[in-house]
2 protein chains.
Amino acid sequence: MRRDVFQAIADPTRRAIIALIALQAMTPNAIAEYFDSTRQAVSKHLRILTECELVKQTHEGREIYYSLEIEKMKEIDRWLEQYRKIWETRFNQLDEVLSTIKRNKK
Amino acid sequence: MRRDVFQAIADPTRRAIIALIALQAMTPNAIAEYFDSTRQAVSKHLRILTECELVKQTHEGREIYYSLEIEKMKEIDRWLEQYRKIWETRFNQLDEVLSTIKRNKK
DNA sequence: TTATATTGCAACTAATCGGTTGCGTATTTG
DNA sequence: CAAATACGCAACCGATTAGTTGCAATATAA
């Protein structure tokens, strides 16, 4: 199944999972406690997150700890970069407009 | 229908549309020429993008120009902000590790 | 006015999604 | 060893998605 980061973060539950494990690794059971849905539903989300490499596993006995692959988040940042350039440019243009108004007031 | 920016950018065709109209406004027909699918399919994507306010319309005779609402893109940036903090912190930690190694070499 | 062009909207369809229940496997505990 | 725990995987289900075709509405051109 073709998956990408943008599809992964489209679901609000998955964004919540990302936020949860961003700072410390957690097991599926521990994560599921934060949601109303079943453990299996959470597990399915984790599978999707793993498939697109937004999350990595660390096996520890019969437990599996999931943690955020922060490097993959930069992919979204890189995509946003081109648009950040646009809004920064527009801001500068606005800046120019404002200083032009100022100059004319004198 | 509940829509948000993250759902909007989940679809690759919609991301392509966003990239197309980022710099200049375009009509649905003009946009559709860039894709293999029909004009109606593109129109549907434009409706979704409009619904979540990622795109705005400018009526001009019988033509409708669509352009990017760059302000809405910042919403994604704000969401990413918390994770940017994490990877910047990790980078600083790595920096500390590196300087510790350097110090020990002396 | 009649014909043409640009577009949105509705109905339909196949595929995918997010969720469920049930089961198999592996590890820990009594 | 047997029971309990932690987890993944498969099958199924209703809702949503992305696409299609067809048609109505509006604006321009002949």
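Before reading on, note that the structure itself is shown above.
Below: a short report on this structure. The shown structure was predicted, so the numbers you read here are calculated from the model rather than taken from an experiment.

### As for the overall build of chain A
Okay, so step 1: Along chain A, the regular secondary structure elements total five helices and two strands.
Okay, so step 2: When the helices and strands of chain A are placed in sequence order, the string is α-α-α-α-β-β-α.
Okay, so step 3: Residue burial in chain A is summarised as follows: out of 106 residues, 38% are buried.
Okay, so step 4: Sequence separation of 24 or more characterises 48% of the internal contacts of chain A that already satisfy a separation of 6 or more.

### Section: the protein's contact with DNA strand C
Okay, so step 1: DNA strand C sits among 25 residues. The nearest are A:T38, A:K44, A:H45, B:S43 and B:Y66.
Okay, so step 2: If you look at DNA strand C and keep only atoms within 4 Å of the protein, 64% of those are sugar or phosphate atoms.
Okay, so step 3: Measuring from a base oxygen of DNA strand C, one finds a side-chain N or O atom of A:Q40 at 3.2 Å.
Okay, so step 4: Taking B:R62, its side chain carries an N or O atom lying 3.4 Å from a base nitrogen of DNA strand C.
Okay, so step 5: When contributions to the surface near DNA strand C are tallied by element, the ones reaching two or more residues are α2 (12-21) and α4 (39-51) of chain A together with α3 (28-32), α4 (39-51) and β2 (63-68) of chain B.
Okay, so step 6: Of the residues in the surface near DNA strand C, the class split is five nonpolar, eleven polar and nine charged.

### Overview of α4(B)
Count 3.6 residues to each turn of an α-helix, and residues three or four apart come out pointing the same way.
Residues and elements named next belong to chain B.
Okay, so step 1: Between the first and last C-alpha of α4 there are 18 Å, a value that for 13 residues agrees with the 18 Å anticipated at 1.5 Å per step.
Okay, so step 2: For α4, the set of buried residues is V42, H45, L46, I48 and L49. Here the buried residues of α4 occupy an arc of 160 degrees about the axis, which is enough to place them on one side. Facing away from the buried surface of α4 by more than 90 degrees, the exposed residues are K44 and R47.
Okay, so step 3: Residues of α4 that are buried sit in contact with α1 (5-8), α2 (12-21), α3, β1 (55-60) and β2.
Okay, so step 4: Remark: E53 follows α4 within two positions and exhibits a positive phi of approximately 60 degrees.

### Topic: the packing of α2(A) against α4(A)
All names here are of chain A.
Okay, so step 1: The geometry of α2 relative to α4 is characterised by a closest axis approach of 10 Å and an angle of 80 degrees between their N-to-C directions. With respect to α4, the element α2 is oriented roughly perpendicular. From α2, T13, R14, I17 and I18 reach across to α4, where they touch V42, H45, L46, I48 and L49.
Okay, so step 2: Among the residues forming the contact of α2 with α4, the class breakdown is six nonpolar, two polar and one charged.

### Let's talk about the relation of the copies chain A and chain B
Okay, so step 1: Rotating chain A by 179 degrees about the axis while translating it 0.0 Å along that axis superimposes it on chain B, leaving an RMSD of 0.1 Å. Here the transformation between the copies is reduced to the relation of a two-fold axis. No C-alpha of chain A lies nearer the rotation axis than that of A:A10, which sits 3.0 Å from it.
Okay, so step 2: The fraction of interface residues of chain A whose copies in chain B are also interface residues reaches 100%, indicating that both copies meet through the same surface.

### A word on the pattern of salt bridges
Close approach of charged atoms lets side chains of opposite charge pair.
Okay, so step 1: Throughout the structure, instances matching the rule amount to 20 salt bridges over all chains.
Okay, so step 2: Two residues, A:D4 and B:R15, come together in a salt bridge whose shortest N-O distance is 3.8 Å. Here the residue A:D4 occupies a position in the segment before α1 (5-8), and B:R15 occupies one in helix α2, the pair thus bridging two chains.
Okay, so step 3: As a salt-bridge pair, A:E51 and A:R47 come within 3.7 Å of each other at their nearest N and O atoms. With a gap of four residues between them, A:E51 and A:R47 both fall in helix α4, about one helical turn apart.

### Looking at the interface of chain A and chain B
Okay, so step 1: Taken together, the contact pairs 23 residues of chain A with 23 residues of chain B.
Okay, so step 2: Area buried by chain A at its contact with chain B is led by A:I70, A:Y83 and A:W87, which between them contribute 25% of it.
Okay, so step 3: Between chain A and chain B we count four salt bridges in total.
Okay, so step 4: Along the contact surface separating chain A from chain B lie four residue pairs in polar contact (both at pLDDT 80 or more).
Okay, so step 5: With twelve residues, the single largest contributor to the side of chain A that touches chain B is helix α5 (residues 70-105) of chain A.
Okay, so step 6: For the side of chain A that touches chain B, the class distribution of residues is 16 nonpolar, one polar and six charged.

Thresholds, definitions, all that
- Residues numbered from 1 in each chain as written.
- Chains lettered and ligands numbered in written order.
- Predicted model: local features only at pLDDT ≥ 70, side-chain atom pairs only at ≥ 80, totals over all residues.
- Heavy atoms only, no water.
- Helix = DSSP H or I, 4+ residues; strand = E, 2+ residues; numbered from the N terminus.
- Buried < 20%, exposed > 50% of the residue type's maximum accessible area, 1.4 Å probe, protein only.
- Contact = heavy atoms within 4.5 Å.
- Near = heavy atom within 4 Å.
- Polar contact = N/O pair within 3.5 Å; in protein donor to acceptor, adjacent residues only side chain to side chain.
- Nonpolar A, V, L, I, M, F, W, Y, C, P; charged D, E, K, R; others polar.
- Expected span 1.5 Å × (residues − 1).
- Arc of directions from axis to C-beta.
- Axes fitted to C-alpha atoms, helices over the stretch in contact; angles between N-to-C directions.
- Parallel < 35°, antiparallel > 145°, perpendicular 65-115°, else oblique.
- Least-squares fit on C-alpha atoms with pLDDT ≥ 70 in both.
- Salt bridge = Lys/Arg side-chain N within 4 Å of Asp/Glu carboxyl O.
- Buried area = accessible area lost by both parts, 1.4 Å probe.

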